[in-house]
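One letter stands for each residue in the lines below.
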There are 2 protein chains.
Amino acid sequence: MEVQIAVAKVNKYAVSESGDTLEVIERPNGGLSVVLADGQTSGRGAKAVSQMVVRKVIGLLAEGVRDGAAARAASDKLYTEKKGKVICTLNIASIDLHSNTIVLGRNNPSPMFICRNMQLDRFDSESIPLGASRDVRPSITELAIEAGLTIVIYTDGLVHAGKRRGQPMDTEEILSSIMEDQDPSPQEIADTLLAHAVTLDENRPADDISVLVLKVASRNGDNVRRMNVRIPIDGNTSP
Amino acid sequence: MEVQIAVAKVNKYAVSESGDTLEVIERPNGGLSVVLADGQTSGRGAKAVSQMVVRKVIGLLAEGVRDGAAARAASDKLYTEKKGKVICTLNIASIDLHSNTIVLGRNNPSPMFICRNMQLDRFDSESIPLGASRDVRPSITELAIEAGLTIVIYTDGLVHAGKRRGQPMDTEEILSSIMEDQDPSPQEIADTLLAHAVTLDENRPADDISVLVLKVASRNGDNVRRMNVRIPIDGNTSP
């Protein structure tokens, strides 16, 4: 088998710094974790919060701390520093090759979707962002690594796309229609969802938007690990 | 413009854990850094060393520490822990959107290549790995971010490929011939170099091999940041 991970990420219109932070880290006992945080508000302050949360989480994961404990520690740190006045959503998606499972930690009111072959399940149980109170816990979903599994996670920029114009996005419907295509790649799924949201926002995203898609495919290639990153750069301005 | 980054990475034959560690981190003042370390020997011990070095470096970069200082700190830490008995190569490739430059830090005897349009330059000045002695410094090369720039960095698995059979790899020649193709993508460059090395090793790599390619292209797309990761998974064994 192979795991494929794709991310598509865009900044709020006319804001140079995204409040969303996403990082990937190798797990010390095998596998890797993708950590996605969205700090309250947008721009520089939100970036500082989401970066702090992601740094804390990946630092702990690198030491072998379990995902749930890492999320709780980051929440306690944020709560202590900001006295409950600043919150931050967090998703952790881990390919844990020690337990041979995918572990999905969620502190994010935005739903997440799990698709097995053609069956699409929506996960939208109540989920409290980090920093809101003491003792915030993530909801954890653990799945066997099986071919045919697709997981879709996103920040609330996707949820709120189009609301300004009274045309909110129906992510589930769009996702269903993408999944009917023949074996869409994770990058196609992420790009299509993001493109819909940006269109609904009339090409001026009302918030930072990040879409993360994981897919487990039956192996059809070599033993090579690959990574690919693309960063658009404005000619003269800083990021 | 846009910066494209590609990585292709394979383990030593029949060794489940790569001694090479590569991570990507966002820089706090804009941009990102790719950090690649290769710990001495292979397998679990080498992995622990290269992970420790990469963690130390990305932790410092995340705090805004300059690349050269981060490399020196990681070297001092390794030297102190291992008393000079274990060394580790390090390359840091930073897209620094604060200074609008690409900063290349190298503590790796393996050469690196910088290609501007069709002109290929080999960088193989003496470069000492981390942990070898006190006060190890990286060689630093700083370049303006300009379209047409391609940078190729790799670990010594590529340098030693084929030596067992007396058919060493001529990386410069292969790279020259790839660059003659019409605008090869960084993934094509990384994959082609890696495939050559694996073939010379008769499909049983004698060492972990990692190839990292950065390319600055004139912008031809949207404002979306994208990332793509592919991890092959053995059915029943741990990584």
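Residues numbered from 1 in each chain as written. Chains lettered and ligands numbered in written order. Predicted model: local features only at pLDDT ≥ 70, side-chain atom pairs only at ≥ 80, totals over all residues. Heavy atoms only, no water.

Before going further, it helps to spend a moment on empty space enclosed by the protein. For the structure shown, the criterion picks out one cavity of 30 Å³ or more. Lining the largest cavity are 27 residues, with Val24(A), Met227(A), Val24(B), Met227(B) and Val229(B) sitting closest to its centre. Elements with a contribution of two residues or more to the lining of the largest cavity: strand E1 (2-10), strand E2 (20-26) and strand E11 (225-232) of chain A together with strand E1 (2-10), strand E2 (20-26) and strand E11 (225-232) of chain B. (1 Å grid on protein atoms, 1.4 Å probe; cavity = no way out; pocket = protein on both sides within 12 Å on 5 of 7 lines; lining within 4 Å. Points joined across faces, edges and corners; volume = space filled by probe spheres on them. Helix = DSSP H or I, 4+ residues; strand = E, 2+ residues; numbered from the N terminus.)

Quick look at the sheet that holds strand E7 (residues 119-123) of chain A now. Reading across the sheet, the 12 strands line up as E7(A)-E6(A)-E9(A)-E10(A)-E1(A)-E11(B)-E11(A)-E1(B)-E10(B)-E9(B)-E6(B)-E7(B) and stay open at both edges, with antiparallel pairing between neighbours. The open sheet is flanked by E7 of chain A together with strand E7 (119-123) of chain B, the only strands paired with a single partner. Between one strand axis and the next, the sheet turns by 10° as a mean value, whatever way the strands run. In the sheet, E1(B) pairs with strand E10 (residues 209-217) of chain B via nine bridges, with the strands oriented antiparallel. Residue pairing in the sheet places Val3(B) in a bridge with Val216(B) of E10(B). (Pairing = 2+ DSSP bridges. Axes fitted to C-alpha atoms, helices over the stretch in contact; angles between N-to-C directions.)

Glancing now at the interface of chain B and chain A. At the interface, 50 residues of chain B touch 50 residues of chain A. Carbon and sulfur atoms supply 50% of the area buried between chain B and chain A, which totals about 5,200 Å² over both sides. For the chain B face of the interface with chain A, the top three residues by lost area are Met227(B), Arg230(B) and Ile233(B), together amounting to 17%. Where chain B meets chain A, there are eight salt bridges. In this structure, Lys47(A) and Glu26(B) form a salt bridge, with 2.8 Å as the shortest nitrogen-oxygen distance. Where chain B packs against chain A, one counts 29 residue pairs in polar contact (both at pLDDT 80 or more). Counting residues per element, the ones that place at least two in the side of chain B that touches chain A are E1, E2, strand E3 (31-39), helix H1 (44-62), helix H5 (186-200) and E11 of chain B. In terms of residue count, the dominant contributor to the side of chain B that touches chain A is E1(B) (nine residues). Two strands pair when backbone bridges link them, and E11(A) and E11(B) are joined in this way by five bridges, in the antiparallel orientation. Each residue of the ladder has a partner; that of Arg230(A), found in E11(B), is Arg226(B). (Contact = heavy atoms within 4.5 Å. Buried area = accessible area lost by both parts, 1.4 Å probe. Salt bridge = Lys/Arg side-chain N within 4 Å of Asp/Glu carboxyl O. Polar contact = N/O pair within 3.5 Å; in protein donor to acceptor, adjacent residues only side chain to side chain.)

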